[in-house]
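# Examining the three-dimensional arrangement
As a plain string of letters, each chain reads:
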Amino acid sequence: MQIGPMARRTAHRVALLALLLTCALPCFTPSPHAREGALPGRLDDRAFWQLVNDLSEPGGFFRSDNLVSNETAFQQVIPALQTQLGSGGAYVGVGPDQNFTYIVALQPRIAFIVDIRRQNMVLHLLYKAVIEQSSDRAEFLSRLFSRKRPSGLNAATSADALLTAYATAPPDPKLYERNLQAATKRLMKQHRFALTRDDLRSLDYVYRAFLNAGPEIRYSFPRGFGWDRFPSYRELMTTTDGGGVPRSYLATEANYQTLRNLQQRNLIVPVVGDFAGPKALRAVGTFLRQHDVNVSAFYTSNVEQYLFRGEDWQQFYANVGSMPLDARSLFIRSYFNRFGYFSYGQAPAGPRSLTLLSPIPDLLAAVAAGRVQGYDDVIALSR
(Lines give C-alpha, C1' and ligand atoms only; values in the text may rest on other atoms or scores of the structure.)
Protein backbone atom coordinates (compact mmCIF):
# COMPACT_ATOMS: atom_id res chain seq x y z
CA MET A 1 0.00 0.00 0.00
CA GLN A 2 1.36 3.43 -0.95
CA ILE A 3 1.69 6.08 1.74
CA GLY A 4 0.65 9.60 0.73
CA PRO A 5 2.79 12.70 1.31
CA MET A 6 0.73 13.86 4.30
CA ALA A 7 0.98 10.47 5.97
CA ARG A 8 4.72 10.38 5.37
CA ARG A 9 5.13 13.84 6.91
CA THR A 10 3.05 12.81 9.91
CA ALA A 11 5.06 9.62 10.37
CA HIS A 12 8.27 11.60 10.10
CA ARG A 13 7.12 14.08 12.74
CA VAL A 14 6.12 11.32 15.12
CA ALA A 15 9.44 9.54 14.62
CA LEU A 16 11.37 12.77 15.13
CA LEU A 17 9.48 13.61 18.32
CA ALA A 18 9.97 10.10 19.64
CA LEU A 19 13.70 10.34 18.97
CA LEU A 20 13.96 13.75 20.63
CA LEU A 21 12.05 12.64 23.69
CA THR A 22 13.99 9.40 23.90
CA CYS A 23 17.15 11.51 24.09
CA ALA A 24 15.57 13.93 26.52
CA LEU A 25 13.67 11.85 29.03
CA PRO A 26 16.67 9.98 30.48
CA CYS A 27 17.78 13.38 31.82
CA PHE A 28 14.88 13.24 34.26
CA THR A 29 16.13 12.66 37.80
CA PRO A 30 13.52 11.11 40.10
CA SER A 31 15.26 12.34 43.27
CA PRO A 32 13.09 14.89 45.11
CA HIS A 33 16.11 17.03 45.92
CA ALA A 34 18.36 18.91 43.51
CA ARG A 35 22.10 18.51 44.05
CA GLU A 36 23.41 22.05 44.29
CA GLY A 37 26.81 21.97 45.94
CA ALA A 38 28.95 22.67 42.87
CA LEU A 39 27.27 25.93 41.88
CA PRO A 40 29.24 28.96 43.10
CA GLY A 41 27.48 31.42 45.35
CA ARG A 42 28.49 34.24 43.01
CA LEU A 43 29.45 34.47 39.35
CA ASP A 44 32.20 36.92 38.53
CA ASP A 45 31.52 39.46 35.79
CA ARG A 46 33.48 37.58 33.17
CA ALA A 47 31.65 34.31 33.84
CA PHE A 48 28.28 36.09 33.79
CA TRP A 49 28.91 37.80 30.46
CA GLN A 50 30.32 34.62 28.99
CA LEU A 51 27.09 32.82 29.94
CA VAL A 52 24.98 35.57 28.35
CA ASN A 53 26.92 35.23 25.11
CA ASP A 54 27.66 31.51 24.99
CA LEU A 55 24.11 30.42 25.80
CA SER A 56 22.35 32.92 23.53
CA GLU A 57 20.99 32.51 20.02
CA PRO A 58 20.56 35.30 17.44
CA GLY A 59 17.73 37.64 18.39
CA GLY A 60 14.27 37.02 16.96
CA PHE A 61 11.04 38.93 16.46
CA PHE A 62 7.95 39.37 18.58
CA ARG A 63 5.18 41.78 17.74
CA SER A 64 5.26 43.87 20.92
CA ASP A 65 7.85 45.37 23.23
CA ASN A 66 6.70 43.58 26.41
CA LEU A 67 8.44 46.09 28.66
CA VAL A 68 6.08 45.09 31.48
CA SER A 69 3.74 42.17 31.96
CA ASN A 70 0.11 41.99 30.84
CA GLU A 71 -0.78 39.33 33.43
CA THR A 72 -2.67 40.23 36.59
CA ALA A 73 -3.01 36.80 38.22
CA PHE A 74 0.63 35.70 38.24
CA GLN A 75 1.01 36.04 42.03
CA GLN A 76 -1.87 33.70 42.79
CA VAL A 77 0.19 30.52 42.41
CA ILE A 78 2.99 31.66 44.70
CA PRO A 79 1.65 30.01 47.88
CA ALA A 80 1.37 26.68 46.03
CA LEU A 81 4.81 27.13 44.49
CA GLN A 82 6.39 27.78 47.86
CA THR A 83 4.65 24.77 49.38
CA GLN A 84 5.60 22.40 46.56
CA LEU A 85 9.09 23.68 45.74
CA GLY A 86 10.47 25.53 48.73
CA SER A 87 13.71 27.28 47.80
CA GLY A 88 16.77 26.28 45.82
CA GLY A 89 17.14 24.71 42.41
CA ALA A 90 17.14 26.76 39.22
CA TYR A 91 14.47 29.07 37.87
CA VAL A 92 13.90 29.53 34.14
CA GLY A 93 11.53 32.19 32.83
CA VAL A 94 10.62 34.45 29.96
CA GLY A 95 9.70 38.10 29.53
CA PRO A 96 10.21 41.18 31.72
CA ASP A 97 10.22 41.77 35.45
CA GLN A 98 7.33 39.55 36.59
CA ASN A 99 10.12 36.97 36.80
CA PHE A 100 11.57 38.94 39.71
CA THR A 101 8.47 38.31 41.81
CA TYR A 102 8.74 34.55 41.25
CA ILE A 103 12.48 34.63 41.88
CA VAL A 104 12.04 36.47 45.18
CA ALA A 105 9.35 33.99 46.25
CA LEU A 106 11.35 30.87 45.32
CA GLN A 107 14.89 32.10 46.05
CA PRO A 108 16.56 29.81 43.50
CA ARG A 109 20.28 29.19 43.41
CA ILE A 110 20.37 30.73 39.93
CA ALA A 111 17.84 32.10 37.44
CA PHE A 112 17.88 32.28 33.63
CA ILE A 113 15.52 34.59 31.71
CA VAL A 114 15.28 33.20 28.16
CA ASP A 115 13.52 35.38 25.58
CA ILE A 116 13.59 35.48 21.80
CA ARG A 117 14.07 39.27 21.78
CA ARG A 118 17.53 40.67 22.37
CA GLN A 119 15.75 43.79 23.60
CA ASN A 120 14.53 41.76 26.57
CA MET A 121 18.12 40.90 27.44
CA VAL A 122 18.99 44.60 27.30
CA LEU A 123 15.97 45.41 29.48
CA HIS A 124 17.17 42.94 32.11
CA LEU A 125 20.68 44.44 32.01
CA LEU A 126 19.09 47.85 32.59
CA TYR A 127 17.21 46.45 35.58
CA LYS A 128 20.45 44.90 36.82
CA ALA A 129 22.29 48.21 36.70
CA VAL A 130 19.46 50.20 38.29
CA ILE A 131 18.88 47.65 41.05
CA GLU A 132 22.58 47.39 41.89
CA GLN A 133 22.83 51.18 42.13
CA SER A 134 19.70 51.56 44.30
CA SER A 135 20.03 50.87 48.02
CA ASP A 136 16.27 50.70 48.60
CA ARG A 137 12.94 50.56 46.76
CA ALA A 138 12.42 54.31 46.74
CA GLU A 139 15.80 54.91 45.11
CA PHE A 140 15.11 52.12 42.62
CA LEU A 141 11.86 53.78 41.48
CA SER A 142 13.58 57.15 41.30
CA ARG A 143 16.20 55.72 38.95
CA LEU A 144 13.77 53.55 36.96
CA PHE A 145 11.40 56.43 36.17
CA SER A 146 13.93 59.31 36.37
CA ARG A 147 11.88 61.22 38.90
CA LYS A 148 13.26 62.92 41.99
CA ARG A 149 12.67 60.99 45.16
CA PRO A 150 9.65 62.35 47.07
CA SER A 151 10.19 63.07 50.74
CA GLY A 152 8.98 60.78 53.52
CA LEU A 153 9.62 57.43 51.82
CA ASN A 154 11.38 54.78 53.90
CA ALA A 155 11.72 51.02 54.35
CA ALA A 156 8.29 50.75 55.95
CA THR A 157 6.44 52.53 53.14
CA SER A 158 3.98 50.25 51.34
CA ALA A 159 4.34 49.52 47.63
CA ASP A 160 1.06 51.32 47.01
CA ALA A 161 2.29 54.45 48.77
CA LEU A 162 5.61 54.30 46.90
CA LEU A 163 3.96 54.03 43.49
CA THR A 164 1.39 56.71 44.37
CA ALA A 165 4.19 59.09 45.28
CA TYR A 166 6.03 58.50 42.02
CA ALA A 167 2.85 58.67 39.94
CA THR A 168 2.56 62.37 40.84
CA ALA A 169 6.27 63.18 40.57
CA PRO A 170 7.16 64.86 37.26
CA PRO A 171 9.63 63.21 34.87
CA ASP A 172 13.06 64.83 34.87
CA PRO A 173 14.85 64.64 31.47
CA LYS A 174 18.14 65.88 32.95
CA LEU A 175 18.00 63.25 35.66
CA TYR A 176 17.28 60.70 32.92
CA GLU A 177 20.46 61.60 31.04
CA ARG A 178 22.52 61.24 34.24
CA ASN A 179 20.82 57.93 35.04
CA LEU A 180 21.38 56.60 31.52
CA GLN A 181 25.06 57.51 31.68
CA ALA A 182 25.37 55.92 35.12
CA ALA A 183 23.67 52.69 34.00
CA THR A 184 25.80 52.49 30.85
CA LYS A 185 28.98 53.14 32.84
CA ARG A 186 28.10 50.46 35.37
CA LEU A 187 27.43 47.86 32.69
CA MET A 188 30.34 48.66 30.38
CA LYS A 189 33.04 50.13 32.64
CA GLN A 190 32.49 48.41 35.96
CA HIS A 191 31.14 45.05 34.79
CA ARG A 192 32.93 45.23 31.41
CA PHE A 193 29.95 43.90 29.48
CA ALA A 194 30.61 44.41 25.76
CA LEU A 195 27.34 46.01 24.63
CA THR A 196 27.05 46.78 20.94
CA ARG A 197 25.88 50.04 19.42
CA ASP A 198 22.52 48.42 18.74
CA ASP A 199 22.36 47.33 22.39
CA LEU A 200 23.01 50.89 23.53
CA ARG A 201 20.28 52.23 21.24
CA SER A 202 17.95 49.60 22.64
CA LEU A 203 18.96 50.56 26.19
CA ASP A 204 18.04 54.18 25.53
CA TYR A 205 14.76 53.12 23.89
CA VAL A 206 13.52 50.96 26.76
CA TYR A 207 14.78 53.31 29.47
CA ARG A 208 13.14 56.31 27.82
CA ALA A 209 9.80 54.44 27.78
CA PHE A 210 9.94 54.31 31.60
CA LEU A 211 10.81 58.01 31.73
CA ASN A 212 7.89 59.01 29.52
CA ALA A 213 5.18 56.77 31.03
CA GLY A 214 6.28 56.55 34.65
CA PRO A 215 4.41 54.09 36.88
CA GLU A 216 1.59 53.98 34.29
CA ILE A 217 3.78 52.18 31.76
CA ARG A 218 1.95 49.17 30.31
CA TYR A 219 2.44 46.28 27.94
CA SER A 220 1.63 47.61 24.50
CA PHE A 221 1.50 46.65 20.88
CA PRO A 222 3.16 48.84 18.24
CA ARG A 223 1.62 52.31 17.96
CA GLY A 224 -0.01 51.88 21.36
CA PHE A 225 -2.83 49.61 20.24
CA GLY A 226 -4.99 48.52 23.16
CA TRP A 227 -2.91 50.47 25.71
CA ASP A 228 -5.71 50.83 28.27
CA ARG A 229 -6.59 47.13 28.22
CA PHE A 230 -3.45 46.16 30.09
CA PRO A 231 -2.44 46.65 33.73
CA SER A 232 0.06 49.36 34.58
CA TYR A 233 3.36 48.76 36.33
CA ARG A 234 1.79 50.40 39.36
CA GLU A 235 -1.07 47.87 39.34
CA LEU A 236 1.29 44.93 38.85
CA MET A 237 3.45 45.96 41.80
CA THR A 238 0.50 46.49 44.16
CA THR A 239 -1.67 43.48 43.35
CA THR A 240 -1.86 40.50 45.74
CA ASP A 241 -1.83 36.71 45.60
CA GLY A 242 -5.65 36.47 45.71
CA GLY A 243 -5.57 35.92 49.47
CA GLY A 244 -4.76 39.53 50.23
CA VAL A 245 -0.99 39.04 50.61
CA PRO A 246 1.15 41.35 48.42
CA ARG A 247 4.06 39.39 46.98
CA SER A 248 5.63 41.56 44.29
CA TYR A 249 9.35 42.22 44.46
CA LEU A 250 8.47 45.74 45.63
CA ALA A 251 5.88 44.63 48.19
CA THR A 252 8.39 44.86 51.03
CA GLU A 253 11.92 46.11 51.52
CA ALA A 254 12.97 42.53 52.34
CA ASN A 255 11.71 41.32 48.96
CA TYR A 256 13.65 44.03 47.15
CA GLN A 257 16.84 43.28 49.07
CA THR A 258 16.54 39.59 48.18
CA LEU A 259 16.34 40.55 44.52
CA ARG A 260 19.20 43.05 44.83
CA ASN A 261 21.42 40.46 46.47
CA LEU A 262 20.89 38.02 43.59
CA GLN A 263 21.63 40.76 41.04
CA GLN A 264 24.79 41.77 42.85
CA ARG A 265 25.95 38.15 42.78
CA ASN A 266 25.27 37.92 39.01
CA LEU A 267 22.80 35.07 39.52
CA ILE A 268 19.99 36.38 37.30
CA VAL A 269 21.23 35.69 33.78
CA PRO A 270 19.37 37.01 30.70
CA VAL A 271 19.70 34.81 27.62
CA VAL A 272 18.54 35.46 24.05
CA GLY A 273 16.81 32.35 22.80
CA ASP A 274 13.82 30.82 21.07
CA PHE A 275 12.03 28.22 23.20
CA ALA A 276 12.05 25.98 20.13
CA GLY A 277 15.55 26.99 19.09
CA PRO A 278 18.50 24.63 18.72
CA LYS A 279 20.74 26.08 21.42
CA ALA A 280 19.61 28.31 24.29
CA LEU A 281 17.47 26.02 26.48
CA ARG A 282 19.74 23.05 25.89
CA ALA A 283 22.80 25.15 26.75
CA VAL A 284 21.12 26.31 29.97
CA GLY A 285 20.42 22.67 30.75
CA THR A 286 24.03 21.70 30.11
CA PHE A 287 25.28 24.42 32.47
CA LEU A 288 22.88 23.34 35.20
CA ARG A 289 23.80 19.68 34.83
CA GLN A 290 27.50 20.54 35.05
CA HIS A 291 26.78 22.26 38.36
CA ASP A 292 24.38 19.61 39.71
CA VAL A 293 21.34 21.88 39.82
CA ASN A 294 17.87 20.83 38.65
CA VAL A 295 15.20 23.11 37.21
CA SER A 296 12.62 23.69 39.92
CA ALA A 297 10.31 26.12 38.08
CA PHE A 298 9.94 27.06 34.42
CA TYR A 299 7.72 30.08 33.78
CA THR A 300 6.51 30.01 30.17
CA SER A 301 3.95 32.85 30.29
CA ASN A 302 1.77 32.00 27.26
CA VAL A 303 4.61 31.29 24.83
CA GLU A 304 3.37 27.73 24.28
CA GLN A 305 0.21 29.13 22.71
CA TYR A 306 2.33 30.54 19.85
CA LEU A 307 4.41 27.38 19.49
CA PHE A 308 1.25 25.38 18.81
CA ARG A 309 0.47 27.49 15.75
CA GLY A 310 2.98 25.29 13.98
CA GLU A 311 5.12 22.36 15.02
CA ASP A 312 7.64 24.22 17.21
CA TRP A 313 6.00 22.85 20.35
CA GLN A 314 7.55 19.46 19.67
CA GLN A 315 11.08 20.89 19.68
CA PHE A 316 10.30 22.99 22.76
CA TYR A 317 9.28 19.99 24.86
CA ALA A 318 12.31 18.08 23.60
CA ASN A 319 14.48 21.02 24.71
CA VAL A 320 12.85 21.04 28.15
CA GLY A 321 13.30 17.27 28.39
CA SER A 322 17.03 17.73 27.86
CA MET A 323 17.27 19.86 31.02
CA PRO A 324 17.98 18.39 34.48
CA LEU A 325 14.63 17.90 36.22
CA ASP A 326 13.26 16.18 39.29
CA ALA A 327 9.85 15.01 40.42
CA ARG A 328 8.96 18.46 41.78
CA SER A 329 9.81 20.47 38.65
CA LEU A 330 6.88 22.65 37.62
CA PHE A 331 5.73 24.65 34.62
CA ILE A 332 4.13 28.00 35.46
CA ARG A 333 1.99 29.17 32.55
CA SER A 334 -0.48 31.93 31.79
CA TYR A 335 -3.75 31.22 30.02
CA PHE A 336 -5.65 34.13 28.51
CA ASN A 337 -9.40 34.21 28.11
CA ARG A 338 -11.02 34.20 24.69
CA PHE A 339 -13.86 36.64 24.06
CA GLY A 340 -14.93 36.61 27.69
CA TYR A 341 -14.52 32.89 28.43
CA PHE A 342 -11.72 30.52 29.17
CA SER A 343 -12.08 27.57 26.80
CA TYR A 344 -10.85 25.23 29.54
CA GLY A 345 -13.85 24.75 31.82
CA GLN A 346 -15.74 27.66 30.24
CA ALA A 347 -15.21 29.81 33.32
CA PRO A 348 -16.68 33.32 32.99
CA ALA A 349 -14.03 35.96 32.54
CA GLY A 350 -12.87 37.86 35.57
CA PRO A 351 -9.17 38.53 35.15
CA ARG A 352 -7.81 38.50 31.62
CA SER A 353 -5.64 35.52 32.46
CA LEU A 354 -5.28 32.53 34.72
CA THR A 355 -1.96 31.29 36.04
CA LEU A 356 -1.66 27.53 36.06
CA LEU A 357 0.84 24.93 37.27
CA SER A 358 1.72 21.52 35.89
CA PRO A 359 4.48 19.03 36.72
CA ILE A 360 7.05 19.08 33.93
CA PRO A 361 7.73 15.29 33.95
CA ASP A 362 4.00 14.54 33.66
CA LEU A 363 3.61 16.81 30.64
CA LEU A 364 6.68 15.39 28.92
CA ALA A 365 5.33 11.89 29.47
CA ALA A 366 1.99 12.93 27.97
CA VAL A 367 3.77 14.38 24.93
CA ALA A 368 5.79 11.20 24.47
CA ALA A 369 2.60 9.12 24.73
CA GLY A 370 0.88 11.19 22.03
CA ARG A 371 -1.71 12.61 24.44
CA VAL A 372 -0.74 16.21 23.59
CA GLN A 373 -1.74 17.38 20.13
CA GLY A 374 -2.78 20.96 20.82
CA TYR A 375 -2.53 23.81 23.30
CA ASP A 376 -5.84 22.89 24.93
CA ASP A 377 -4.34 19.50 25.83
CA VAL A 378 -1.58 21.33 27.69
CA ILE A 379 -4.09 23.46 29.53
CA ALA A 380 -6.16 20.40 30.46
CA LEU A 381 -3.07 18.96 32.16
CA SER A 382 -2.60 22.15 34.20
CA ARG A 383 -4.24 23.23 37.44
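Criteria and thresholds
- Residues numbered from 1 in each chain as written.
- Predicted model: local features only at pLDDT ≥ 70, side-chain atom pairs only at ≥ 80, totals over all residues.
- Heavy atoms only, no water.
- 1 Å grid on protein atoms, 1.4 Å probe; cavity = no way out; pocket = protein on both sides within 12 Å on 5 of 7 lines; lining within 4 Å.
- Points joined across faces, edges and corners; volume = space filled by probe spheres on them.
- Helix = DSSP H or I, 4+ residues; strand = E, 2+ residues; numbered from the N terminus.
- Nonpolar A, V, L, I, M, F, W, Y, C, P; charged D, E, K, R; others polar.
- Core = buried A, V, L, I, M, F, W, Y, C linked by side-chain atoms within 4.5 Å.
- Buried < 20%, exposed > 50% of the residue type's maximum accessible area, 1.4 Å probe, protein only.
- Contact = heavy atoms within 4.5 Å.
- Salt bridge = Lys/Arg side-chain N within 4 Å of Asp/Glu carboxyl O.
- Axes fitted to C-alpha atoms, helices over the stretch in contact; angles between N-to-C directions.
- Parallel < 35°, antiparallel > 145°, perpendicular 65-115°, else oblique.
- Left-handed = near helix turned anticlockwise from the far one by under 90°.
- Pairing = 2+ DSSP bridges.

If a probe as big as a water molecule is rolled over the atoms, it shows which places are left empty. Across all of its chains, the model carries 2 cavities of 30 Å³ or more by this definition. By volume, the largest cavity is sized at about 40 Å³. Taken together, F48, F100, I113, H124, L125, K128, Q263, I268 and P270 form the lining of the largest cavity. Where the lining of the largest cavity is concerned, the elements lending two or more residues are α5 (118-133) and β3 (268-272). The element best represented in the lining of the largest cavity is α5, accounting for 3 residues. When grouped by side-chain class, the residues that make up the lining of the largest cavity number 6 nonpolar, 2 polar and 1 charged.

Quick look at the nonpolar core now. F112, F140, Y233 and F298 are the most contacted members of the largest nonpolar core, which has 109 residues in total. By residue number, the principal contributor to this core is α5, which donates 9 residues. Those residues in contact with F140 that sit more than four places away from it in its chain are Y127, V130, I131, S134, Y233, Y249, L250 and Y256.

Let's shift gears to the pattern of salt bridges. Enumeration according to the criterion identifies 15 salt bridges in this entry. The salt bridge partner of R118 is D199, with a shortest N-O separation of 2.7 Å. Taken as a pair, R118 in helix α5 and D199 in helix α9 (residues 197-213) lie far apart in primary sequence, 81 residues in all. Put simply, E132 and K128 hold a salt bridge, and the shortest N to O gap is 2.8 Å.

Here the focus is the packing of α5 against helix α11 (residues 253-264). Helix-helix packing is described using two parameters, namely the angle between the two axes and the distance between the axes. Contact geometry of α5 with α11 gives a least axis separation of 9 Å together with a crossing angle of 115 degrees. Judged by the inter-axis angle, α5 sits roughly perpendicular to α11. Note on packing geometry: the crossing formed by α5 with α11 is left-handed. Judged by residue contacts, K128, I131, E132 and Q133 of α5 engage Y256, L259, R260, Q263 and Q264 from α11.

Quick look at unusual backbone geometry now. A positive phi angle, near 65 degrees, is found at R192, a position not held by glycine. Note that R192 resides in the loop between α8 (173-190) and α9. Here N266, not a glycine, exhibits a phi torsion of approximately 60 degrees, which is positive. Of note, N266 is situated in the loop between α11 and β3.

Pairing is mixed in the open sheet, where 6 strands are placed in the order β3-β2-β1-β4-β5-β6. Whereas interior strands pair on both sides, the edge strands pair on one side only; in this sheet they are β3 and β6 (353-359). Ignoring which end each strand starts from, the neighbouring axes of this sheet average 20 degrees apart. Both strand β4 (residues 295-301) and strand β5 (residues 330-336) contribute to a ladder of 4 bridges, which runs parallel. The partner of A297 across the bridge, within β5, is L330. Against the sheet, helix α12 (residues 280-290) engages β1 (90-93), β2 (110-115), β3 and β4, with an angle of about 170 degrees to β2.

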